[in-house]
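Observations on the three-dimensional arrangement
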Amino acid sequence: MSVAEATPARADALLARMRRWRFGSLRSRIALLYAGLFTVVLGLVVSLAAGGLARFGETSAARDLGANARVFDEILAARARQMGDQAGVLAHDFGFREAVATGDAPTIASALASLEGRVRSDMAFVLTLEGEVRAADTTGIPAPESLYAQLDAGKTRGIIRSDKGLALAAAAPIEAPDLIGWLVIAQPLDRAELDRLVELAPIALQAQVVEAGRQPAWLRDAASGTVFEREAGERYLYHVSDLAVLQEGVAPRLVLRHPLAESLAAYASLKGWLIALAVGGIVLALGMSWRVARSVTEPLQQLDEATRMIGEGREVSLAIATGDEIGRLADSFNQMVIAIEERERQIIHVGLHDGLTGLPNRKLFTEQLATTLARRRQGERVLVAYVDLDDFKMVNDSLGHPAGDALLRMVADHLREDLPDALVARLGGDEFAILIDGIDEKRDLGHIADALQRSFDRPIAIGGQHAACGASIGIAVAPGDGNDGSTLMKNADLALYRAKHEGKATYHFFEPALDEAARQRRQLELDLRAAIKEGGFELNFQPLYSLAEKRLTGFEALIRWNHPVRGRVNPAEFIPLAEETGLIVPVGEWVLREACHQASTWPDNVSVAVNVSPKQFAASGLASTVLSALAASGLAAHRLELEITESIFIADVDATLATLHGLRALGVKIALDDFGTGYSSLSYLRSFPFDKVKIDKSFVEDLGTSSTGHAVIRAITTLANALGMDTLAEGVEDVAQFEVLEREGCQNIQGFLFSRPVPAGAVAGLLRDGAGYQRQLRA
């Protein structure tokens, strides 16, 4: 091996050893974890402390700068007062006032020179009311007109500007006895003077008086009397004070600057001590963590070895003589070894059985079915039955889910009792599966099916209330219906589907035609989805005739599907499929929008009725869909009538009533369809004020065959009139029915007597010919 090849190999080996040390040793991980946590916490503490020291230093520096700024202001004010007092003494001197009044220039010059010497001023002058300036030397004295406004306003102290720069000035009025002028005295406010003031400060300062025109933007925007920070290569604190002025056109500010680094330098040593303490604490924590980790991991190493031995199938008993948590862990480990086998049996049972009923679940049933089929002898048959409880959801909704669970447990107990030699499983929900093997080929399978059906006919009472427990059963038999488990279960499911559609509470054996029917149903579902996507539907309209107004007052919208291959598909074929698959929701939305669109082209006194399915009603957003359809078509809300059946009340009465009231609030009319065919129609009429009740066509058909038909119609119309609801009879096909309905007080009728459903284009013709209906009926 070359050196170039050996070097990477040694590096890989070193990395592997490092990884084993770091990740393979629990002791190392515990020690490093605790040391790391301590380091993080200590680092946060040190960081917070250092940050706190820095903030304290900055706050202290800002406080000191503010205090020194106030001292500066007080010193300047004291100097101005001192000069003002000296000026006042001279201004009140009788001889000086007389010299000013008489214009005695030598006397004035002598007095001003003496005053300048006493107060160390470089400028003193008299400003008369006539605008004359009298002084020993008028060089650099500001223009009189720039001083008048401030002096007239009563100001006596402030900053003025001369040829020599800015100066602190004080003024005193000269009265003899009336005001004849002002005595003004000023001291220079130059760099030398400011430096002398800075020397009085206990902190490092830089002072500067800056006029407005020479101030940078950031200084002009700074508020007077505040301390703020600005970085200019280094961090500085600034304090700005507006100075009083005695001259117009002058706006000076006193700017104090303090280098922040000098204040914070005093805390640097404290930070160093903090870091040193942190490092020492980390080292100490690492050593203590290692000792703690060692005391914990040595017993755990023994436990690890014992666990490995159990994995190899060897007997082991762990003996650790300590009274702490490790010792108790060893005892628990020994108990765990004893309980492993029992726990495994329990886990297997839970994984293969239903938790509610204790029956085998789908997984175990499938496994047992495969084993049974593999053991089946020649001449024997194996029966697989799929069971679905009828109306189980109604039990849950009416009695509650605990009652539904109790019903499932009772059904399971009955099946165990009645079929002791069969394998009974719960597949989920209200579905069960039954496996019966060893059936002789000559035995009548119908007797077995009848026995299964009778097992579900036993009365069941839950909490003192009777619970209906009918069941639909689909049966497939091997070998005729399949030789493998998946085929048998699929065929039994198809037979169950047929049994439920034949009226429930019955059984059905699998037939090959069922497989073809299922294939056709799947194809029809695909075609239905394509029709929804591609717009393959159209609406027909059947007229609604008002006996009171003697005219057509509306039309009921009825969906039609022209299949591209099969032609016209009967609604009785595809509507139930749409309900079952949930496609009725988009189909119903299309019908609603199209019906509103068509009705918007009719006269304003003609309405349109649209059927709403229970699933469409239960879906969220029905009110929004109705509002959107009305808005898109421009149809008035009172011209739309929604027809519902009482089955919408089964699931959640409160939610249903809330939705109905929401639709009523939009202005839409609500009609109860197929009235009289359910069990609780009267209670629903009392719960919600329907606009119309549609009498089911079965009652209309009874008018010609039953002697009680007239009484039923009369009872319904009388009840509806008492509740303020209109009535409409469906399925009117001859004049005799029409006359009875009119005589018994029915307000509206619908049926082939007037017209079959017609395409949208024929509605206008029916409306034109509507007046002829009454003449035709009376003829």
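Rules behind the numbers
- For every chain, the first residue of its written sequence is number 1, and the numbers climb from 1 along that sequence.
- For this predicted model, a pLDDT threshold of at least 70 governs which residues receive local features, and a threshold of 80 or more governs which side-chain atom pairs are given and counted, while totals over whole chains, interfaces and linings are taken from all residues.
- The side-chain numbers reported here are obtained from all heavy atoms of the structure, hydrogens and water having been left aside.
- A pair of strands is treated as paired once DSSP finds two or more bridges between them.
- Secondary structure elements are defined from DSSP: runs of H or I of at least 4 residues count as helices, runs of E of at least 2 residues count as strands, and each element is numbered from the N terminus.
- What makes two residues a contact is simply this: any of their non-hydrogen atoms within 4.5 Å.
- Here an axis means a line fitted to C-alpha atoms, over the contact stretch when the element is a helix, while the angle between two N-to-C directions is reported on a 0 to 180 degree scale.
- Here, nonpolar core means buried Ala, Val, Leu, Ile, Met, Phe, Trp, Tyr and Cys residues that are tied together by side-chain atoms lying within 4.5 Å of each other.
- For every residue, the accessible area obtained with a 1.4 Å probe (protein chains only) is divided by the maximum for its type, and the residue is called buried under 20%, exposed over 50%, and partly exposed between those limits.
- N or O atoms within 3.5 Å of each other form a polar contact, as long as, within protein, one can give a hydrogen and the other can take it, and as long as residues adjacent in sequence are counted only when both atoms are side-chain atoms.
- Between 65 and 115 degrees an angle is taken as roughly perpendicular, under 35 as roughly parallel, over 145 as roughly antiparallel, and anywhere else as oblique.
- We call a crossing left-handed when the near helix sits turned anticlockwise from the far one by less than a right angle, and right-handed when that turn is clockwise.
- Given a helix with a known number of residues, its expected span is that number minus one, times 1.5 Å.
- The arc refers to the directions leading from the helix axis to the C-beta atoms.

As for the sheet that holds strand E5 (residues 179-188)
- Read across the sheet, five strands follow the order E2-E1-E5-E4-E3 without closing on themselves; strand pairing throughout is antiparallel. Each having just a single partner strand, strand E2 (133-134) and strand E3 (157-162) make up the two edges of the open sheet.
- When strand E1 (residues 123-128) meets E5, the two strands line up antiparallel, connected through six bridges. Bridge pairing links Leu 127 to Trp 182 in E5.
- Here helix H4 (residues 105-119) sits on the sheet and contacts E1, E2 and E5; the angle it forms with E1, its principal contact strand, is near 140 degrees.

Here we look at the nonpolar core
- With 73 residues, the main nonpolar core has Val 608, Val 626, Leu 640, Leu 642, Ile 670, Phe 690 and Ile 749 as its most contacted residues.
- Sorting elements by how many residues they give to this core places helix H18 (residues 584-599) first, with seven residues.
- Ignoring anything within four residues of it in the chain, the contact list for Ile 670 reads Leu 642, Ile 644, Leu 660, Leu 663, Phe 688, Phe 690, Asp 691 and Lys 692.

Regarding the side chain of Gln 247
- Mapped onto the secondary structure, Gln 247 falls in the loop between strand E8 (234-242) and strand E9 (252-259).
- A polar side-chain atom of Gln 247 sits 3.4 Å from a polar atom in the side chain of Ser 146.
- Within the structure, the side chain of Gln 247 is placed 2.7 Å from the backbone nitrogen of Arg 161, a separation counted as a polar contact.
- Residues contacting Gln 247, with those up to four places away along its chain left out, are Pro 142, Ser 146, Leu 147, Gln 150, Ile 159, Ile 160 and Arg 161.

Focus on the packing of H18 against helix H20 (residues 622-633)
- At their nearest, the axes of H18 and H20 sit 8 Å apart, and the two run at 30 degrees to each other. What the angle tells us is that H18 and H20 run roughly parallel. Note on packing geometry: the crossing formed by H18 with H20 is right-handed. Where H18 approaches H20, its residues Glu 589, Leu 592, Arg 593, Cys 596 and His 597 are matched on the opposing element by Thr 625, Val 626, Ser 628, Ala 629, Leu 630 and Ser 633.

Remarks on H18
- Here H18 is 16 residues long and its end C-alpha atoms lie 22 Å apart, about the 22 Å a rise of 1.5 Å per residue gives.
- All of the buried residues in H18 are Ile 584, Val 587, Gly 588, Val 591, Leu 592, Ala 595, Cys 596, Gln 598 and Ala 599. Angularly, the buried residues of H18 cover 165 degrees about the axis, an arc narrow enough to put them on a single face.

All quantities given are derived from atomic positions and should not be read as evidence of function.
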